[in-house]
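Single-letter residue listing:
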Amino acid sequence: MTLHRLDIQRQNLHGHWSKDLAPALTIDPGDAVDFTALDAAWSVRKPEAPGRPQVQFEPWDPALDNGHALTGPVFVRGARPGMMLGISIEEIVTADWGWNGGGGDWLEEDGQPLGDLGEMHWNLWQLDMTRLVARNQSGICVPMRPFPGVMGMPSAEPGIHSTRPPRINGGNIDCRELVVGSTLYLPVAVDGGLFSTGDGHACQGDGEVSSTAIECGMERALLRFTLHEDSPIATPWAETPAGTLTLGFHRDLQQAANVALAAMVTLMAARLDIRRNEALALASLTVDLRVTQIVNHVCGVHALLPPGTYW
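Described below are features of the structure shown in this document. (Residues numbered from 1 in each chain as written. Predicted model: local features only at pLDDT ≥ 70, side-chain atom pairs only at ≥ 80, totals over all residues. Heavy atoms only, no water.)

## Concerning the pairing of strand 5 (residues 70-76)
Right, on to step 1. The buried fraction of strand 5 is high, at 6 of 7 residues.
Right, on to step 2. Looking at chain direction, strand 2 (residues 13-14) and strand 5 are connected through 2 bridges and run antiparallel. Considered in strand 5, the bridge of L13 is made with T71.
Right, on to step 3. Bridge count between strand 3 (residues 25-27) and strand 5: 3 bridges; the pairing is parallel. (Buried < 20%, exposed > 50% of the residue type's maximum accessible area, 1.4 Å probe, protein only. Helix = DSSP H or I, 4+ residues; strand = E, 2+ residues; numbered from the N terminus. Pairing = 2+ DSSP bridges.)

## Points about the pairing of strand 15 (residues 237-240)
Right, on to step 1. Judged from the 3 bridges that link them, strand 12 (residues 183-187) and strand 15 form a sheet pairing that is antiparallel. Directly across from Y185, in strand 15, lies its bridge partner W237.
Right, on to step 2. Note: strand 15 against strand 16 (residues 243-250), 4 bridges, orientation antiparallel. Bridge pairing links E239 to T244 in strand 16.

## Examining the side chain of D31
Right, on to step 1. With respect to the element layout, D31 can be found in the loop between strand 3 and strand 4 (32-37).
Right, on to step 2. Despite its burial, D31 remains without a salt bridge, the nearest opposite charge being carried by R77 at 5.6 Å.
Right, on to step 3. Discounting chain neighbours no more than four positions away, the residues touching D31 are M1, T2, H4, L223, R224 and F225. (Lys, Arg positive; Asp, Glu negative; His and termini not counted. Salt bridge = Lys/Arg side-chain N within 4 Å of Asp/Glu carboxyl O. Contact = heavy atoms within 4.5 Å.)

## Points about the pattern of salt bridges
Right, on to step 1. One pass over the structure, following the stated rule, counts 15 salt bridges.
Right, on to step 2. For E91, the salt bridge identified is with R220, shortest N-O distance 2.7 Å. You can see E91 sitting in strand 6 (residues 84-102) and its partner R220 sitting in strand 14 (residues 215-228), a full 129 residues away along the chain.
Right, on to step 3. Residue class for R220 comes out partly exposed when judged on its relative accessible area of 24%.
Right, on to step 4. When the shortest N-O distance is used, the salt bridge between E177 and R145 registers 3.5 Å. Of this pair, E177 sits in the loop between strand 11 (170-172) and strand 12 while R145 is found in the loop between strand 9 (141-143) and strand 10 (147-152), placing the two residues 32 residues apart along the sequence.

## Points about helix 2 (residues 276-286)
Right, on to step 1. Among all positions in helix 2, only A279, A283 and T286 are buried. The arc that holds the buried residues of helix 2, viewed along the axis, is 75°, so those residues lie on one side. Across from the buried face of helix 2, at angles greater than 90 degrees, the exposed residues are S284 and L285.
Right, on to step 2. The elements touched by buried residues of helix 2 are helix 1 (253-272), strand 17 (288-293) and strand 18 (299-305). (Arc of directions from axis to C-beta.)

## Describing unusual backbone geometry
Right, on to step 1. Looking along the chain, the bond that leaves E58 and enters P59 is cis, with omega of -5°.
Right, on to step 2. Mapped onto the fold, P59 is located in the loop between strand 4 and strand 5.
Right, on to step 3. Here the residue pair G72 and P73 is connected by a cis peptide bond, since its omega of -5° sits within 30 degrees of zero.
Right, on to step 4. Residue position: P73 is located in strand 5.
Right, on to step 5. Phi at W42 takes a positive value of approximately 65°, unusual for a residue other than glycine.
Right, on to step 6. Tracing the backbone through its elements, the reader meets W42 in the loop between strand 4 and strand 5.
Right, on to step 7. By relative accessible area, which is 1% here, W42 ends up buried.
Right, on to step 8. Even without being glycine, L194 reaches a positive phi, approximately 60°.

## Things to note about the packing of aromatic side chains
Right, on to step 1. Evaluation of the coordinates by the stated rule reveals 6 aromatic pairs.
Right, on to step 2. With centroids separated by 6.0 Å and ring planes inclined at 55°, the aromatic side chains of W99 and W122 adopt a geometry described as tilted. With W99 in strand 6 and W122 in strand 7 (residues 121-128), this residue pair connects regions lying 23 residues apart in the sequence. (Phe/Tyr/Trp six-rings, centres within 6.5 Å; stacked < 30°, edge-to-face > 60°.)

## Structural notes on the nonpolar core
Right, on to step 1. With 33 residues, the main nonpolar core has F35, I87, L184, F195 and F225 as its most contacted residues.
Right, on to step 2. Of all the secondary-structure elements, those providing two or more residues to this core are strand 3, strand 4, strand 5, strand 6, strand 12, strand 14 and strand 16.
Right, on to step 3. When neighbours within four sequence positions are excluded, I87 is seen to be in contact with M151, S182, T183, L184, L186, F195, L223, R224 and F225.
Right, on to step 4. In terms of nonpolar packing, the next biggest core, distinct from the first, is built from 14 residues, A260, A279, V287 and L305 among them. (Core = buried A, V, L, I, M, F, W, Y, C linked by side-chain atoms within 4.5 Å.)

This is the structure:
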């Protein structure tokens, strides 16, 4: 097992998904990669005042990089369609600053459902990884629970695809439970997987309701990769400190919930060696449906089963 590192260099960065991207790194199953990542806005310096940072990384291609700044892709030897890629999160170290905002034309594509919120309000956060506390320009503090907002792989579909909506192969999942100690399982769609990550979040609530978490760079995202041919389900799921979770993505929130719940029922039936109807009856007692995020054109729901529920 080898430890690799991907630094912030042009050949290691991209702002779209495509199965045709050349690998930045090739590894074996069991290897770990120490990723360094810019924030979602491709900024390299802390702004002097609160506001959305401007793109500062150069060179930057507006046609190909108009999405999250992702580090990768990583080609995993032996990965092929039909397998699941396991991504274990071993360490996260954020940059020492981050940003977020709210207001303006919130969800303009959905008719601004909260009405007129006025102009954008911006927060500039100082991040203390020692105390795990974020403090904004007004002196307000919130606890940090850092995680990568984007972890994923391209689909087998040709062409260039946006990094904003999450898909079955992962991407902009924005699940606050995917912290250190978690292992995420994603379906592989292309040979090698071509995994990338980025979009560091120092803190985020379920829903990511303003469209931004505390957006930050990651000085270190240490991820270890494994391959699995015997996953009980073929959609994204994870083992986390909060419990086992299954993920559903759909433009309609109810349909996203259906996908997450169906996967959880199947997973529980396999683990408990029971029929799916019995698993559904138990799920109604013990499984929490949580809104992962509602702001990325495609909604996310995760079904969460706390650890040690059944014995």
